[in-house]
Amino acid sequence: MTVLALSPGMVDEPTESDPPAQETTEIVKRRIDPDSGTAEYAVLEIVAELEDKEIEALPSLYEQVGHFVEMLFQDPPALEAQMEISFSYAGYRIRLTQHGQVTVLKVKNSIEDC
């Protein structure tokens, strides 16, 4: 697992008018098997691990994004297309590439905030 921590002032120094920033933001990067039959479950496993919950305790991925995760791998575009999807789910912003690279950024404090 690769975890990058970004400090709020890394790009610009905050000004007095900026809202207070969180201490750090973690970006989690993982790789999943780009298989249409297992990709949705693999995304759920990542979120469940980050939340320290069972998959059954998570909201329905299907109700959030339909079958777009599955469809990305079902009939993949040419490699040159560098296709990716991104969506919000259970307090995270998730980016998934056609090669199986998953990037997860926490955007809410808890699933209950969603």
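Quick caveat: nothing in here was measured; it's all calculated off a predicted structure.

### With respect to the overall build of the chain
And then number 1: The number of helices and strands found in the chain is 3 helices and 5 strands.
And then number 2: Helices and strands in the chain line up, N terminus first, as β-β-α-α-α-β-β-β.
And then number 3: Taken over 114 residues, the chain has a buried fraction of 32%.
And then number 4: When contacts within the chain are restricted to residue pairs at least 6 apart in sequence, those whose partners lie at least 24 apart make up 51%.
And then number 5: Entry remark: accessible area of the chain is about 7700 Å², with carbon and sulfur atoms responsible for 50%.

### Observations concerning the environment of Phe 73
And then number 1: When you line up the elements, Phe 73 lands in helix H3 (residues 68-74).
And then number 2: Between the C-alpha atom of Phe 73 and that of Thr 38, which follows or precedes it by 35 residues, the distance is 9.7 Å.
And then number 3: Those residues within four positions of Phe 73 in sequence are excluded, and the remaining contacts are Ile 32, Pro 34, Asp 35, Ser 36, Ala 39, Leu 96, Thr 97, Gln 98 and Gly 100.

### Quick notes on the pairing of strand S5 (residues 101-106)
And then number 1: Sheet topology places strand S2 (residues 25-31) next to S5; 5 bridges connect them, and they run antiparallel. Bridge pairing links Arg 30 to Val 102 in S5.
And then number 2: Bridge count between strand S4 (residues 92-97) and S5: 5 bridges; the pairing is antiparallel. Across the sheet, residue Leu 96 finds its bridge partner in S5, namely Val 102.
And then number 3: Between S4 and S5, which pair antiparallel and follow one another directly, the connecting turn spans 3 residues, one of which, Gly 100, has a positive phi of 95 degrees.

### Concerning the nonpolar core
And then number 1: Within the largest apolar cluster, 25 residues are counted, with the highest numbers of intra-cluster contacts made by Ile 32, Val 69, Phe 87, Tyr 89, Ile 94 and Leu 96.
And then number 2: Among the elements of the structure, helix H1 (39-51), helix H2 (61-65), H3, strand S3 (84-89), S4 and S5 are those that each provide at least two residues to this core.
And then number 3: Broken down by element, the residue count for this core peaks at 7 residues, all from H1.
And then number 4: The residues touching Phe 87, leaving out its near neighbours within four places in the chain, are Val 43, Leu 61, Val 65, Val 69, Tyr 92, Arg 93 and Ile 94.

### Things to note about H1
And then number 1: With 13 residues, H1 extends 19 Å from end C-alpha to end C-alpha; this agrees with the ideal 18 Å at 1.5 Å per step.
And then number 2: Taken as a whole, H1 has its buried residues at Ala 39, Ala 42, Val 43, Leu 44, Ile 46, Val 47, Ala 48 and Glu 51.
And then number 3: Immediately beyond the C-terminal end of H1, within one or two residues, lies Asp 52, with a positive phi of roughly 55 degrees.

### As for the environment of Val 28
And then number 1: With respect to the element layout, Val 28 can be found in strand S2.
And then number 2: Taking relative accessible area as the criterion, Val 28 reaches 3% and is therefore assigned buried.
And then number 3: Placed 78 residues apart in sequence, Val 28 and Lys 106 show a C-alpha to C-alpha distance of 8.9 Å.

### Quick look at the confidence of the model for the chain
Atom-level detail of predicted coordinates should not be read off regions where pLDDT is low.
And then number 1: Summary statistics for the chain give a mean pLDDT of 82 and a share of 75% for residues scoring 70 or more.
And then number 2: Below pLDDT 50 for its whole length, residues 1-13 participates in 25 contacts with residues either more than four positions away or in separate chains.

Calculation notes
- The numbering scheme is per chain: residues are counted from 1 as the chain's sequence reads.
- Selection of residues for local features in this predicted model requires a pLDDT of at least 70, selection of side-chain atom pairs for listing and counting requires 80 or more, and totals for whole chains, interfaces and linings are taken over all residues.
- No hydrogens and no water enter the side-chain calculation; it runs on all heavy atoms of the structure.
- Comment: elements are numbered from the N terminus, with helices defined as DSSP H or I runs of at least four residues and strands as E runs of at least two.
- Buried residues are those whose accessible area, probed at 1.4 Å on protein chains only, stays under 20% of the maximum for their type, while exposed residues exceed 50% and partly exposed ones sit between those limits.
- Between two residues, a contact is recorded if the distance between any of their heavy atoms is within 4.5 Å.
- Only the protein chains shown count as cover for residues, with accessible areas throughout obtained via the Shrake-Rupley method and a probe of 1.4 Å.
- For two strands to be treated as a pair, DSSP must find at least two bridges joining them.
- By convention a nonpolar core is built from buried Ala, Val, Leu, Ile, Met, Phe, Trp, Tyr and Cys residues, the set being connected through side-chain atoms within 4.5 Å.
- How far a helix is expected to stretch is found by multiplying one less than its residue total by 1.5 Å.
- The predictor rates its confidence in each residue with pLDDT, a number between 0 and 100.

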